[in-house]
Amino acid sequence: MFALLLSPPDYLQGDSVRIMYVHVPSAWIGLASFTSIALLSILSFIFKIKNLNLITKSIAPIGLMFTCLAIVTGSLWGKPTWGTWWAWDARITSMMVLSIFYILFILSHKLIEQEDKANKVSNIIAIIGLINIPVIKYSVDWWNTLHQPASIKLDGTSTIHSSMLLPLMLMLLVLLLYCALILLMKYKTEIIRIKKKNIKRI
Amino acid sequence: MIENFILMNGYGLYVWLSFAITFLACGIIYYKTYKTLKKYEKDFIKEFDQLPESEKKLVLSKSKVASQVLATYNKSI
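Our subject in this report is the structure included herewith. (Residues numbered from 1 in each chain as written. Chains lettered and ligands numbered in written order. Predicted model: local features only at pLDDT ≥ 70, side-chain atom pairs only at ≥ 80, totals over all residues. Heavy atoms only, no water.)

A word on the overall build of chain A
As a reminder, the rule being used: Numbered from the N terminus, helices here are DSSP runs of H or I no shorter than four residues, and strands are runs of E no shorter than two. Residue exposure (1.4 Å probe, protein chains only): buried if accessible area is under 20% of the type maximum, exposed if over 50%, otherwise partly exposed. Residues are treated as being in contact if the distance between any of their heavy atoms lies within 4.5 Å. Computed with the Shrake-Rupley method and a 1.4 Å probe, the accessible areas treat only the protein chains shown as cover for residues.
Secondary structure assignment for chain A yields seven helices and zero strands. Once the C-alpha set of chain A is aligned to its principal axes, its extents read approximately 65 × 35 × 30 Å. Sorting the 202 residues of chain A into buried and exposed places 46% on the buried side. Considering only contacts in chain A between residues 6 or more positions apart, those separated by 24 or more positions represent 73%. A total of about 10600 Å² of accessible surface is found on chain A, and carbon and sulfur atoms cover 69% of it.

What follows is the structure, encoded as structure tokens:
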């Protein structure tokens, strides 16, 4: 309601700016999910904790979904703003590369039957994919892109008005709660799968 | 007023489609995840039911997950 009704239209982009309320949180979640997968993969390599692999496996589908949503909603925003659905722009292309890393990560778990080997391969994919995260973040500064630079910065120099920032943060909160719910359900599924496999050894 | 809200000065199609795709995807993933969880719980119970009584007691005493799955499954049926 906040995003669709109460927040004001942009002086330049008009009502199309409302797409931001789903596009930006989706992109943030997609990036944050992959960063956490990669960091947990590094920890898993160092400390050999099996639970970390279950967590990364549970996060991956959520991250992939939000990365795809960011690309699709970005495309829907691009048409009225730039006049095209798609451009091989640095930000969009690097997001596309992120989704490929997610797909490779998920496929490695699905296609490799030996669990230890699947975990190793997926961890390597996640660690290599981590290189792409700063590329996505700084692509708008390093190259001349159609995509606008960041409006929200952690150092307090944000250029977004509070009437737009509030619904954006509310939407982020709602989507994060949704992610937590899905993550817990997927993690529980993984635990049950393992327990079922070892039921006679419990 | 309502017409303006729906049309959004010509951007309605893009805005509504973005929100619809986002919430639809979230709904589908929730439904799929929920179904998979229930399927695994059901399979686990099936496997558990095939165990002899003494092993069942052992599994329940040693595994918190097993007793939790059994409790939630019994509640849902």
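Some details on the side chain of Ser75 of chain A
Along the polypeptide, Ser75 of chain A turns up in helix 3 (residues 50-82). Excluding residues within four positions of it along the chain, Ser75 of chain A makes contact with Thr84 and Trp85 of chain A.

Here we look at a nonpolar patch on the surface
We apply this condition: Put simply, a patch holds well-exposed residues, over 30% relative accessible area, that have no salt bridge, with like charges counted together within 9 Å and Val, Leu, Ile, Met, Phe, Trp or Tyr side chains within 5 Å. Here, a salt bridge means any side-chain nitrogen of Lys or Arg that lies within 4 Å of a carboxyl oxygen of Asp or Glu.
A grouping of Leu43, Ile46, Phe47 and Ile49 of chain A is seen on the molecular surface, where their side chains present a nonpolar patch of about 380 Å² in accessible area. Inspection of the secondary structure puts Ile46 of chain A in helix 2 (residues 20-47).

Looking at the environment of Ile45 of chain B
With respect to the secondary-structure elements, Ile45 of chain B resides in helix 2 (residues 12-49). When the C-alpha positions of Ile45 of chain B and Tyr14 of chain B are compared, they lie 47 Å apart, and in sequence the two are 31 residues distant.

Describing the interface of chain A and chain B
Selection criterion: What gets called buried area is simply the loss in accessible area from a 1.4 Å probe that two parts show on being joined, summed for both. Whenever a nitrogen or oxygen atom comes within 3.5 Å of another N or O atom, the pair is scored as a polar contact, on the condition that within protein one atom can donate a hydrogen and the other can accept it, and that pairs from neighbouring residues in sequence are kept only if both atoms are in side chains. When residue character is reported, Ala, Val, Leu, Ile, Met, Phe, Trp, Tyr, Cys and Pro are called nonpolar, Asp, Glu, Lys and Arg charged, and the others, Gly included, polar.
Taken together, the 37 residues of chain A in the interface contact 36 residues of chain B. Across the chain A to chain B interface the summed buried area is about 3400 Å²; carbon plus sulfur atoms make up 83%. Put simply, chain A and chain B have one salt bridge between them. Glu41 of chain B serves as the salt-bridge partner of Lys188 of chain A, at 3.4 Å between the closest nitrogen and oxygen. The interface formed by chain A and chain B holds three residue pairs in polar contact (both at pLDDT 80 or more) in total. The biggest single contributor to the side of chain A that touches chain B is helix 7 (residues 162-197) of chain A, with 14 residues. Broken down by class, the residue content of the side of chain A that touches chain B amounts to 23 nonpolar, five polar and nine charged.

Looking at the pattern of salt bridges
Residues and elements named next belong to chain A. Applying the stated criterion across every chain, the model contains seven salt bridges over all chains. A salt bridge links Glu190 to Lys57; its shortest N-O distance comes to 3.3 Å. In this pair, Glu190 is assigned in helix 7 and Lys57 in helix 3, connecting sequence segments 133 residues apart. By relative accessible area, which is 13% here, Glu190 ends up buried. Taken together, the shared-partner salt bridges in this structure form one network comprising Lys57, Glu115, Glu190 and Arg193.

Re the packing of helix 2 of chain A against helix 5 (residues 115-129) of chain A
Residue and element names in this part refer to chain A. To be explicit about the condition: Note on method: axes are straight lines fitted to C-alpha atoms, helices fitted across the in-contact stretch only, with angles between N-to-C directions ranging 0 to 180 degrees. Our angle categories are set so that under 35 degrees counts as roughly parallel, over 145 as roughly antiparallel, 65 to 115 as roughly perpendicular, and the remainder as oblique. Note on convention: the crossing is left-handed when the near helix lies turned anticlockwise from the far helix by less than a right angle, right-handed when the turn is clockwise.
Interhelical geometry of helix 2 versus helix 5 gives an angle of 125° and a closest axis separation of 8 Å. Relative to helix 5, the element helix 2 is oriented oblique. Seen from above, helix 2 lies across helix 5 with left-handed handedness. Along the contact surface, helix 2 presents Phe34, Ile37, Ala38, Ser41, Ile42, Ser44 and Phe45, while helix 5 presents Lys120, Asn123, Ile124, Ile125, Ala126, Ile127 and Gly129. Among the residues making up the contact of helix 2 with helix 5, the classes are represented as nine nonpolar, four polar and one charged.

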